[in-house]
Amino acid sequence: MLIGAFRDNEVSPSHPLLLMLDQLRQNGTPVNEINLQPLNKETLNQMVADVLVTAPKNCSDLLDLIYQKTNGNPFFTKQCMLALYENEAIYFNPENHTWKYVLEKARNAAISDNVIDLLLKQIKQLSPSVRDKLKIASCIGNEFNIQLLNKLSDEKIEDTSAQVLIAVQKGLLLPVYSWNTDEIEKYKFLHDRVQQASSLLLNDAEKKSIRINIGRILLENASISDTEDKIYEIADHLNYSAELITNGSEIQKLVEVNLAASGRAKNATAYEPALRYIKQSMNLLNGSLENQDPEIRSKMLLQRAECEHLNGNNDIAEDFYNQAINNTEGLLNKAKVYQRKIHYYN
């Protein structure tokens, strides 16, 4: 059984996920979809009441205000209530050990109707050092390990850990524990909207500067091979910052990284990304392969031919097959290319 989740308003009919689901259905594989709707008012009332440890009827006026803001979105509701608490519209009464709220304060609280704006406001209230960790982490991805974040921050590991802990305490990050120990293996953003909000605090130049360093650090401890687990991650970070790479040897490494990523994607039947990576590999050389090692040049041309074919671009594929044959040295190697071309005709 495979369980996944996606936002239907963020994928087009041509998205690989929807194409895969359609293919599964055509092959007779059962596919069950559960369309999650926003919470209705009654359910949201119960959620708010549970947070305040009271009966739903005792907080119906606050519920009306929250529902108007969030339209039943559970994550937005949680963030909205957190903002109300930080604005002291919701507070804990130590005398009778109950949660209370001041409706007038809740109405006057400057809470955005947009969850991203609300999260941005919360993040901006953090210290600059904690904020910087969230911004860097947003470039790494939804999950990240403290060692990589520390390298990118260029400070003591104790300081990085302390600042990440503050973000955890604020409910923006979650620790991910190792499956067989009580040790924290890595951290992840509470929600992809938190990652998105953190990323919005960076301009494009800042993102490129961070991501090129991420790619370089990851590449230090990886092999340039289609069996390398992090090859996509490395390629994506370095491709995003490709304009910052001017050193010839580093450009050559990125050419080979994209070639390896294309091969791994093709082997995984992810044909569209496979074509994208091999195109990027060639674009880095401005379309000129003459100065490449003959073996790499042959691999690139053959990979491009096969990826074009697998994406339905047969005229382009045939041209690259012919180029691959003309640029392959040795009769045995040429025979292998001809064999792959024969498969193309079949």
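Going by the structure above, here's the rest.
The residue count restarts for each chain, going from 1 along the sequence in the order it is written. A pLDDT threshold of at least 70 governs which residues receive local features in this predicted model, and a stricter bar of 80 or more applies before side-chain atom pairs are shown or counted, although totals over entire chains, interfaces and linings include all residues. Each side-chain value is derived from all of the structure's non-hydrogen atoms; neither hydrogens nor water enter the calculation.

### A word on the packing of helix α12 (residues 231-240) against helix α13 (residues 248-267)
- Fitted lines through C-alpha atoms serve as axes, helices being fitted only where they are in contact, and the angles separating the N-to-C directions of these axes extend from 0 to 180 degrees. Counting from the N terminus, the helices are DSSP H or I runs at least four residues long and the strands are E runs at least two residues long. In contact at an axis separation of 9 Å, α12 and α13 are set at 135° when each is read in the N-to-C sense. Between α12 and α13, the angle is such that the two are oblique. Viewed along their axes, α12 and α13 form a crossing whose handedness is left-handed. In this structure, α12 uses I231, Y232, I234, A235, L238 and N239 to contact α13, whose residues at the interface are L254, V257, N258, A260, A261, R264 and A265.
- For this classification, the nonpolar set comprises Ala, Val, Leu, Ile, Met, Phe, Trp, Tyr, Cys and Pro, the charged set comprises Asp, Glu, Lys and Arg, and every other residue, Gly included, is treated as polar. Within the contact of α12 with α13, the residues separate by chemical class into ten nonpolar, two polar and one charged. Roughly parallel means an angle under 35 degrees; roughly antiparallel means over 145; roughly perpendicular covers 65 to 115; every other angle is labelled oblique. Each helix crossing is assigned a hand: it is left-handed if the near helix lies turned anticlockwise from the far helix by less than a right angle, otherwise right-handed if that turn is clockwise. Should any heavy atoms of two residues lie within 4.5 Å, those residues are counted as being in contact.

### So, helix α8 (residues 146-153)
- Most of α8 sits out of view: six of its eight residues are buried.
- Buried, partly exposed and exposed residues are distinguished by accessible area as a fraction of the type maximum, computed with a 1.4 Å probe on protein chains only: under 20%, between the cut-offs, and over 50%, respectively. Taken together, the buried positions of α8 are I146, L148, L149, N150, L152 and S153.
- In this fold, the buried residues of α8 make contact with α7 (128-140), β3 (143-144), α9 (157-169), β5 (184-189) and α11 (204-220).
- Under this definition, polar contacts are N or O atom pairs within 3.5 Å; protein pairs additionally need one hydrogen-donor-capable and one acceptor-capable atom, and for neighbouring residues in sequence, both atoms have to be side-chain atoms. The N-terminus of α8 is capped by N145, whose side-chain oxygen sits 3.2 Å from the backbone nitrogen of Q147.
- Remark: D154 follows α8 within two positions and exhibits a positive phi of approximately 55°.

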